[in-house]
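Chain and residue survey
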Amino acid sequence: MLSNTSLKSRDNPIKLIENRVAIAGENSQLSIYDTYYPATRVALSSNHLLYCGMITGRKIMHGATEKPCEFRPHESFVMAPGERVYIDFPEARLDSPTTCMTVEIERTQVARVCDLLNHRQPRDNELPSWDYVPRALHMPHGIHTQALLERLISLYCDDHPDRDAMIDLALDELIMRMLRTQTRELLLEEIETDSRPKHGLAAALQRLRDNLAQPLDCTELARSACMSKAQLYRQFKREIGCTPGEYQQRLRIDRARDLLARTSASITEICLDLGYRSPSHFSRCFKAATGETASGYRARLARDAPADGALTVGSRTP
């Protein structure tokens, strides 16, 4: 992924903590950061929207979100202009550096993409229009976003005469994906903070959250949203990115993770409390969603601890 000749200077790093290689585009800039030694409290900020993607290793991000969060490969971390985070590198080594990419994106490009979406893909009247809310966003990303980030790196390193135009098109897509994720998170946060749903989709989401262990009843769910089942499914797919059943499954797995981390309840107790038919059914669903078994997840949390001997270093600004 990072073998292009434009990035060859990474082979001779001049710093062990956040060695940076930057490649400028016409309206944006790509940076690759390698860290070869454990470090703590490395500050990061930018005057532009900063889209970060992990490549190898693990970081702990502090300051931009309510709680510190782990940042791993196949995840994105988006920082608002002027925002500052502090980063720990618990696993960085000389033979296995922690590596991430960042792309600085102009605010005007984000605003242009919002205008395009409001014109081409307007949201339902009861929902807010497309707009970027300047705040941190930490999210797993799927294979399409991963492929897009890899393509962006290749484009920045390309000498094609249309390189800058192709970079801007790829960034437009990245911004669209980010906006869809952010509007989804804001909608779901609204459900958690407002006791009275403001629209039909919110009512359906609230009902699922309040009845997490109950079997899914799409007829009752549509009735609570004051819409047909077909309308309900369309709104779920458009705004949440999945069906009501898939969303219920996500909620159950999230709740299971929380219980496994915070309580001593047995896995059997957890699965029955969440409405699963049997421990084996729960185990299959949990592993499909997380890539590890429930017992393995609990054991990993128990043995994970901050690394000793970390350095504390100064700040950086892309």
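Okay, so let's go over this structure. These numbers come from a predicted model, not from an experiment. (Residues numbered from 1 in each chain as written. Predicted model: local features only at pLDDT ≥ 70, side-chain atom pairs only at ≥ 80, totals over all residues. Heavy atoms only, no water.)

**A closer look at the sheet that holds strand β9 (residues 98-105)**
If you walk across this open sheet you meet the six strands as β1-β2-β9-β4-β7-β10, and the pairing is antiparallel. Of all the strands in the sheet, the pair left with one neighbour each is β1 (19-24) and β10 (137-140). Strand-to-strand twist of the sheet, defined as the mean angle between neighbouring strand axes without regard to direction, takes the value 20 degrees. Sheet topology places β1 next to strand β2 (residues 28-35); six bridges connect them, and they run antiparallel. Each residue of the ladder has a partner; that of Ala-24, found in β2, is Gln-29. Across the sheet, helix α2 (residues 143-156) is in contact with β1, β2, β4 (49-56), β7 (75-79) and β9; its angle to β2 comes to roughly 105 degrees. (Pairing = 2+ DSSP bridges. Helix = DSSP H or I, 4+ residues; strand = E, 2+ residues; numbered from the N terminus. Axes fitted to C-alpha atoms, helices over the stretch in contact; angles between N-to-C directions. Contact = heavy atoms within 4.5 Å.)

**So, the packing of α2 against helix α3 (residues 163-193)**
When two helices pack together, their arrangement is given by the angle between the helix axes and by the axis-to-axis distance. Running from N to C, α2 and α3 point in directions that differ by 155 degrees, and their axes come no closer than 10 Å. Judged by the inter-axis angle, α2 sits roughly antiparallel to α3. The way α2 lies across α3 gives a crossing that is left-handed. Contacts from His-144, Thr-145, Leu-148, Leu-149, Arg-151, Leu-152, Leu-155 and Tyr-156 in α2 reach Arg-163, Met-166, Ile-167, Ala-170, Leu-171, Glu-173, Leu-174 and Arg-177 in α3. (Parallel < 35°, antiparallel > 145°, perpendicular 65-115°, else oblique. Left-handed = near helix turned anticlockwise from the far one by under 90°.)

**Re the layout of surface pockets**
Size it by volume and the second largest pocket reaches roughly 180 Å³. Lining the second largest pocket, in full, are Arg-123, Pro-128, Ser-129, Asp-131, Val-133, Thr-183, Leu-186, Leu-187, Glu-190 and His-199. Residue composition of the lining of the second largest pocket, by class: four nonpolar, three polar and three charged. (1 Å grid on protein atoms, 1.4 Å probe; cavity = no way out; pocket = protein on both sides within 12 Å on 5 of 7 lines; lining within 4 Å. Points joined across faces, edges and corners; volume = space filled by probe spheres on them. Nonpolar A, V, L, I, M, F, W, Y, C, P; charged D, E, K, R; others polar.)

**Thoughts on the packing of aromatic side chains**
Counted according to the given criterion, the structure contains five aromatic pairs. Centre to centre, the rings of Phe-71 and Phe-77 are 5.9 Å apart; their planes meet at 50 degrees, and the pair counts as tilted. Phe-77 carries the same exposure label as Phe-71, and that label is buried. One cation-aromatic arrangement involves Arg-41 over Tyr-86; the distance from NZ or CZ to the ring centre is 4.6 Å. (Phe/Tyr/Trp six-rings, centres within 6.5 Å; stacked < 30°, edge-to-face > 60°. Buried < 20%, exposed > 50% of the residue type's maximum accessible area, 1.4 Å probe, protein only. Lys NZ or Arg CZ within 6 Å of the ring centre and 35° of its normal.)

**Comments concerning the pairing of strand β5 (residues 59-62)**
Where burial is concerned, the two faces of β5 agree: the one with Lys-59 and Met-61 and the one with Ile-60 and His-62 are both buried. One ladder, built from three bridges, connects β5 with strand β6 (residues 69-71); its direction is antiparallel. By the bridge assignment, Met-61 is partnered in β6 with Cys-69. The hairpin turn running from β5 into β6, its antiparallel successor, is six residues long, and Gly-63 in that turn takes a positive phi close to 105 degrees.

**A word on the pattern of salt bridges**
By the definition in use, this model includes 17 salt bridges. With a shortest N-O distance of 2.2 Å, Glu-220 and Arg-223 are connected by a salt bridge. Of the two residues, Glu-220 and Arg-223 are both situated in helix α5 (residues 218-225); the distance of three residues between them amounts to about one turn of the helix. Each member of the salt-bridge network shares a partner with another, and the members are Arg-58, Glu-70, Arg-72 and Glu-91. (Salt bridge = Lys/Arg side-chain N within 4 Å of Asp/Glu carboxyl O.)

**Some thoughts on the state of the cysteines**
Applying the stated criterion across every chain, the model contains zero disulfides. No disulfide involves Cys-52; its sulfur sits 6.0 Å from the nearest other cysteine sulfur, which is in Cys-100. Look at Cys-52 and you get buried, because its relative accessible area is 3%. With no disulfide of its own, Cys-285 has Cys-271 as its nearest cysteine by sulfur position, at a separation of 10 Å. (Disulfide = S-S within 2.5 Å.)

**A few points about the packing of α3 against helix α6 (residues 229-240)**
Where α3 meets α6, the closest approach of the two axes is 9 Å, and the angle between their N-to-C directions is 115 degrees. Counted together, Arg-180, Arg-184, Leu-187 and Leu-188 of α3 and Arg-238, Glu-239 and Ile-240 of α6 form the full contact between these two elements.

**As for the environment of Arg-151**
The residue Arg-151 is located in helix α2 in this model. Between the alpha carbons of Arg-151 and Phe-89 there is a distance of 26 Å; along the sequence they are 62 residues apart. Within polar-contact distance, the side chain of Arg-151 engages the side chain of Glu-173 at 3.3 Å. (Polar contact = N/O pair within 3.5 Å; in protein donor to acceptor, adjacent residues only side chain to side chain.)

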